[in-house]
Amino acid sequence: MSSTLPDAITAHSLGEVHLYLLATPCPDCGRGPLQGGEGRQVSEPERVLELTVPIVCTACARKRDLRAVLPRGTGVEGDVVVLNPTDEPSGILDVAQWVTLFRIITAKAATTADRAEARRLGLEAAQCLEEALKFYRQDSDLPPPEAFFSDASRRRMSEHPAEFSRQRLMDLRARLPSTRRMRDQLAERPAATKRRRWFGR
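Before going into details, it helps to say that this report is about the structure given with it. It should be emphasised that the depicted structure is a prediction, and the values quoted were computed from it without experimental measurement.

**Some details on the packing of aromatic side chains**
For step 1, the next point in the chain: Taken as a whole and assessed by the stated rule, the structure comprises two aromatic pairs.
For step 2, the next point in the chain: With centroids separated by 5.5 Å and ring planes inclined at 90°, the aromatic side chains of phenylalanine 148 and phenylalanine 164 adopt a geometry described as edge-to-face. Of the two residues, phenylalanine 148 sits in the loop between helix 3 (115-133) and helix 4 (151-159) while phenylalanine 164 sits in the loop between helix 4 and helix 5 (166-174), which places them 16 residues apart along the sequence. For the pair formed by phenylalanine 148 and phenylalanine 164, the shared burial category is buried.

As structure tokens, then:
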């Protein structure tokens, strides 16, 4: 079944937009993933940046544009991507999608032969867990109903609640190095290998 893609989204960074496309099925064929091209600046008010991002479905090749509204800046510290520098949970990716993205990215990191790329993916995966945990309340091991944005995510929670145990996610995060350590390791790479385009990878 196909989904609906909004005309515009508000995100914390370009990285979050990239992962949103990776996690969102094509509204035409229901498959994907969607792939974004280079964002074109529409306007830059005092506190936000508006971009038009051309996207294409990698399955059916249908093309469309998506408007992304971002904070000023690109969500990058040096050359290292920061998905969300705030304590605010995502408004475009729900807890189930962050958990799925963690699984996808760690699987990719395990199969890459490039150590620098594996480290970058490891940092990205760690941030996905941190984003998922932002939805939880301190007094509950399971996320609240508002942490799920779609029927598919709510059904997944109903069928597999153990997958969303806060303690489980915290244990997974504890197995990974701190984000500071991973960023320091990435910052040590030669400058020529650091820079990476978010869209169209």
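**A word on the packing of helix 3 against helix 5**
For step 1, the next point in the chain: Between helix 3 and helix 5, whose axes approach to 10 Å, the crossing angle comes to 155°. With respect to their mutual orientation, helix 3 and helix 5 come out roughly antiparallel. As for the relative orientation of helix 3 and helix 5, their crossing is left-handed in sense. Touching Ala126, Leu129, Glu130, Ala132 and Leu133 of helix 3 are Arg166, Leu169, Met170, Leu172 and Arg173, all from helix 5.
For step 2, the next point in the chain: In the contact of helix 3 with helix 5, the residues fall into seven nonpolar, no polar and three charged.

**Brief notes about the pattern of salt bridges**
Working definition: two side chains of opposite charge can pair if their charged atoms are close together.
For step 1, the next point in the chain: Tallied over the entire structure, the rule returns twelve salt bridges.
For step 2, the next point in the chain: Between arginine 40 and aspartate 65 there is a salt bridge, with the nearest N and O atoms lying 3.6 Å from each other. With a gap of 25 residues between them, arginine 40 in strand 3 (residues 40-43) and aspartate 65 in strand 5 (residues 63-71) connect regions that are remote in the sequence.
For step 3, the next point in the chain: When its relative accessible area of 47% is taken as the criterion, aspartate 65 is described as partly exposed.
For step 4, the next point in the chain: A single network of salt bridges, built from pairs that share partners, joins Asp28, Arg62 and Arg64.

**Let's talk about the nonpolar core**
For step 1, the next point in the chain: Formed by 43 residues in total, the largest nonpolar core has its most connected members in Leu19, Tyr20 and Trp98.
For step 2, the next point in the chain: Breaking this core down by element, the ones donating at least two residues are helix 1 (14-23), strand 4 (48-57), strand 5, helix 2 (95-111), helix 3 and helix 5.
For step 3, the next point in the chain: When neighbours within four sequence positions are excluded, tryptophan 98 is seen to be in contact with Glu16, Leu19, Leu83, Ser90, Leu93, Cys128, Glu131, Ala132 and Phe135.

**Here's the deal with the side chain of asparagine 84**
For step 1, the next point in the chain: As for its placement among the helices and strands, asparagine 84 is situated in the loop between strand 7 (80-81) and helix 2.
For step 2, the next point in the chain: By relative accessible area, asparagine 84 is classed as buried at 8%.
For step 3, the next point in the chain: A polar atom in the side chain of asparagine 84 sits 3.5 Å from the side chain of histidine 12.
For step 4, the next point in the chain: A distance of 2.7 Å separates polar atoms of two side chains, one belonging to asparagine 84 and the other to threonine 86.
For step 5, the next point in the chain: Those residues in contact with asparagine 84 that lie beyond four places of it in its chain are His12, Glu131 and Lys134.

The rules we used
Residues numbered from 1 in each chain as written. Predicted model: local features only at pLDDT ≥ 70, side-chain atom pairs only at ≥ 80, totals over all residues. Heavy atoms only, no water. Phe/Tyr/Trp six-rings, centres within 6.5 Å; stacked < 30°, edge-to-face > 60°. Helix = DSSP H or I, 4+ residues; strand = E, 2+ residues; numbered from the N terminus. Buried < 20%, exposed > 50% of the residue type's maximum accessible area, 1.4 Å probe, protein only. Axes fitted to C-alpha atoms, helices over the stretch in contact; angles between N-to-C directions. Parallel < 35°, antiparallel > 145°, perpendicular 65-115°, else oblique. Left-handed = near helix turned anticlockwise from the far one by under 90°. Contact = heavy atoms within 4.5 Å. Nonpolar A, V, L, I, M, F, W, Y, C, P; charged D, E, K, R; others polar. Salt bridge = Lys/Arg side-chain N within 4 Å of Asp/Glu carboxyl O. Core = buried A, V, L, I, M, F, W, Y, C linked by side-chain atoms within 4.5 Å. Polar contact = N/O pair within 3.5 Å; in protein donor to acceptor, adjacent residues only side chain to side chain.

Purely geometric stuff here, so don't read any function into it on its own.
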